[in-house]
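Here's the letter readout for the chains.
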Amino acid sequence: MQNKMLAEAMRKALTLRWSPVAVRLLRPGEAVPEGVVEPADRIRHCQSITAARRGNCLYIPPRKHACPDGAGIMGLITMSPKLRSGDLYLLFKKLPTIECARKMIASRPEFAPGSYTATVLAPLEKATFEPDVVIMTLLPEQAMWLCCASTYGSGDRQVFHTSGYNSTCADLTVQVMKSQQMNISFGCYGARASSDVEDAEVYVSIPYGQLPTIVASLEKLAAKSIPEARRRLYMPPVIDSTAHTGGAAASQRVEVVIDANRCNGCGICEAFCPEYVLELAETADGEKARVAAGDKCCACYTCVGQCPQQAIQLRPAGRG
Ligand code: SF4
Ligand code: SF4
């Protein structure tokens, strides 16, 4: 039930196209969860993520893992010496020297062989098991809001760990399980070449234990910040001709124009203006906004975007 609620909340707040994917690595001796199906054919970990985002609930033991690199990194099998050595990265021309390949391999997060017995995946809303991580394929703007949601409660900056190689296995599964920190990955050669993840999509993985807190923050951001940003609230009306307005010689000042007939004196503009340009003042018609320090205006358009009465506009000074 909790999984369904968390999935629905994320879908709604971010307008996700795809389901968040619940991923668990089965521990030795752990029973296979209900409702997951072993695929008929071998499948890569990256492919199983895009299959799960489409609604499939999967149980993938080592015999069904098609990528020996990924299965080795996640501790399901012992990696072959050829893969472990780094030689193949040179053969594929993905890295320039064996030293470079060895360094990349030695620094990537991995689990020891035999640590886990299978991967299970499902769209989060259908998951009958407790995921280790929840992986999303989404647009960078949606990933940005997940970063904000992660920073929201603590103020902490987000630090990401990736190499561009071994994306869904190392970056999104092992790294996040080990660190218990959200991670971003841009995909890897294997994931982009063999799954239907789109060029414009990135991945974010969240440790399951942090998901309720991140979702709660996301819902708060969705109340104001997300819709405002998506409406391009602070964009000047004509931004594509800024290079043709007279250059440095032209006036850099703008004039803030307030329509007193529309203004209801709510004070929002005064509260939001970062430069103390606006203030409320008593008039014959009650309190109204007025320009107190017009020369300080930096043309951020915050007042224009926030005014509920559409009572404020900016114009280049002297063009009234
Ligand atoms: S936000 Fe708009 S309506 Fe409210 S005081 Fe400012 S100008 Fe007036
Ligand atoms: S554009 Fe920005 S700086 Fe200028 S008055 Fe509005 S909120 Fe203040």
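Look above for the structure.
Keep in mind that what you see is a predicted model, and the values were worked out from it rather than measured.

Parameters at a glance
- Residues numbered from 1 in each chain as written.
- Chains lettered and ligands numbered in written order.
- Predicted model: local features only at pLDDT ≥ 70, side-chain atom pairs only at ≥ 80, totals over all residues.
- Helix = DSSP H or I, 4+ residues; strand = E, 2+ residues; numbered from the N terminus.
- Rg over C-alpha atoms; globule rule 2.2 N^0.38 Å.
- Buried ≥ 20, exposed ≤ 12 C-beta atoms within 10 Å, placed from the backbone.
- Contact = placed C-beta atoms within 7 Å.
- Near = placed C-beta within 6 Å.
- Nonpolar A, V, L, I, M, F, W, Y, C, P; charged D, E, K, R; others polar.
- Core = buried A, V, L, I, M, F, W, Y, C linked by C-beta atoms within 7 Å.
- Axes fitted to C-alpha atoms, helices over the stretch in contact; angles between N-to-C directions.
- Parallel < 35°, antiparallel > 145°, perpendicular 65-115°, else oblique.
- Left-handed = near helix turned anticlockwise from the far one by under 90°.

## Comments concerning the overall build of the protein chain
Logical step 1: Within the protein chain, the secondary structure is distributed over 13 helices and ten strands.
Logical step 2: Over its C-alpha atoms the protein chain spans a radius of gyration of 26 Å, topping by over 25% the 20 Å that the globule rule assigns to 320 residues.
Logical step 3: Within the protein chain, the proportion of its 320 residues that are buried is 35%.
Logical step 4: Within the protein chain, residue pairs in contact and separated by at least 24 positions form 68% of the contacts whose partners lie at least 6 positions apart.

## Here's the deal with the site of ligand 1
Logical step 1: What surrounds ligand 1 is a group of 13 residues, the closest being Cys263, Cys266, Cys269, Ala289 and Cys307.
Logical step 2: Residues belonging to the shell around ligand 1 are distributed by class as follows: nine nonpolar, four polar and no charged.

## Here's the deal with the site of ligand 2
Logical step 1: The immediate surroundings of ligand 2 are formed by 14 residues, with Cys273, Val277, Cys297, Cys300 and Cys303 found nearest.
Logical step 2: Taken together, the residues of the shell around ligand 2 sort by class into twelve nonpolar, one polar and one charged.

## Thoughts on the nonpolar core
Logical step 1: Core analysis: the largest hydrophobic core is formed by 60 residues, its most contacted members being Val21, Leu121, Val133, Val134 and Ile135.
Logical step 2: If we skip the residues at most four places from it in the chain, Val133 touches Val23, Leu172, Thr173, Val176, Met177, Ser205, Ile206, Pro207 and Tyr208.
Logical step 3: Membership of the second largest hydrophobic core comes to 13 residues, among which are Val256, Leu278, Cys303 and Ile312.

## Here's the deal with the environment of Leu14
Logical step 1: Note that Leu14 resides in helix H1 (residues 2-14).
Logical step 2: Expressed as a C-alpha distance, the spacing of Leu14 and Leu138, which sit 124 residues apart in the sequence, is 9.4 Å.
Logical step 3: Dropping the residues within four chain positions of it, Leu14 is found in contact with Leu138, Gln142, Trp145 and Leu218.

## Overview of the packing of H1 against helix H10 (residues 211-223)
Logical step 1: Two elements in contact, H1 and H10, have axes whose closest approach is 9 Å; the angle formed by their N-to-C orientations is 30 degrees. Overall, the two elements H1 and H10 adopt an arrangement that is roughly parallel. For the element pair H1 and H10, the recorded crossing hand is left-handed. Where H1 abuts H10, its residues Leu6, Ala9, Met10, Ala13 and Leu14 lie against Leu211, Pro212, Val215, Leu218, Glu219 and Ala222.
Logical step 2: Its residues assigned to classes, the contact of H1 with H10 shows ten nonpolar, no polar and one charged.

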